[in-house]
Amino acid sequence: MSSYLGVGVSPGTVPVYHGSNLKAIDRRVRLAELILRCLICGLAILSAVLIGTDTQVKEIFSIQKKARFTDMKAFVFLVIANGLAAAYSLVQVLRCVLSMIRGSVLFNKPLAWVIFSGDQIMAYLTLAAVAAAAQSAVFGKYGQTELQWMKICNMYEKFCNQIGEGIAGAVVVSIAMVVLSAISAFGLFRLYGHNKGKNNGKW
C-alpha cells in the first residue's frame, strides 16, 4: 500500500487514513461539508415552503384577484429545484454522518464521481432557478414598460415580500452548493493525484 499526502491507497477501493495533521484537516473538511449540507437542506425546505405557500388576495374594481407562486413559472421552477436540493442534501447528510461515525472512509473513484457529478448538477440547477426567479421578481417589482408589463408589488406587497425572503434563502443554497462542488472536486481529483505520483515514482 502506498500513500499520497498521507492518504493510504489501495489499487481498487481507497481507505482514507491520515497522519496526525492531515487527519485533523480531513476531519474539519468533512465537518464543514456536513454543516453545509445540513444548511442547504434546511434553507432549501424553508425557501420552498415560503414560496409554495405564498398567496395574497386583492380586490380590484370589486373583483378579487389572488396572487399565487404558480402565476410565474420561474417560481415553480425554484420550488422544484429547492425540493430536489433538500432531498439530495438529506441523502448526502446521512452519508457524511455514517463516514464520521466510522472514522475512516472507504472511498473509491466511482463513488467520488457520483458525489462530484451530483454536486455539480445541483449547483447548476439551483443557480439557474435563482437567476430565473430573480429576473421574474424584478419584473414584478419594477415592471417592464417596453413590454407593457405592469409592476404588481405595489398591489401585492405581502406576496412580494415573502417571495423575496424565499429567493434570499435560495441564493444562500446555491452559493453553498457551489462551495460543496469545489469540496467534492478536491476529494475526487486527489485520488487521481495519487496515481500520478505513483507513475512518476516508476521513472
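Position numbers for residues start from 1 in each chain and track the written sequence from start to end. Confidence filtering applies because this is a predicted model: local features only for residues at pLDDT of at least 70, side-chain atom pairs given and counted only at 80 or more, and all residues used for totals across whole chains, interfaces and linings. Side-chain numbers here rest on the full set of heavy atoms in the structure, without hydrogens or water.

Naming follows an unreviewed UniProt entry, where the protein chain appears as CASP-like protein of Olea europaea subsp. europaea. The annotation that UniProt attaches to the protein chain under Sequence similarities (unreviewed entry) is "Belongs to the Casparian strip membrane proteins (CASP) family." UniProt positions are given in the numbering used here, feature names are shortened, and annotations may be inferred rather than shown by experiment. Looking at the Subcellular location (unreviewed entry) heading of the UniProt record, one finds this comment for the protein chain: "Cell membrane".

Student: How should I be thinking about the pattern of salt bridges in this particular structure?
Tutor: Note that side chains of opposite charge can pair when their charged atoms are close. Every case where a carboxyl oxygen of Asp or Glu lies within 4 Å of a side-chain nitrogen of Lys or Arg is listed as a salt bridge. Inspection of every chain in the model, using the stated rule, returns 4 salt bridges. Arg 95 is the salt-bridge partner of Glu 33, the closest N and O atoms lying 2.7 Å from each other. Within this pair, whereas Glu 33 is found in helix α1 (residues 20–52), its partner Arg 95 is found in helix α2 (residues 73–102), the two being separated by 62 residues in sequence. Taking relative accessible area as the criterion, Glu 33 reaches 10% and is therefore assigned buried. Partly exposed describes any residue whose relative accessible area lies between the buried limit of under 20% and the exposed limit of over 50%, with all areas from a 1.4 Å probe on protein chains only and scaled to the type maximum. Here Arg 95 falls in the partly exposed class, since its relative accessible area comes to 23%. By sharing partners, the salt bridges in this structure join Glu 33, Arg 37, Arg 95 and Asp 119 into a single network. Only DSSP runs of H or I reaching four residues or more are called helices, and only runs of E reaching two or more are called strands; each is numbered from the N terminus.

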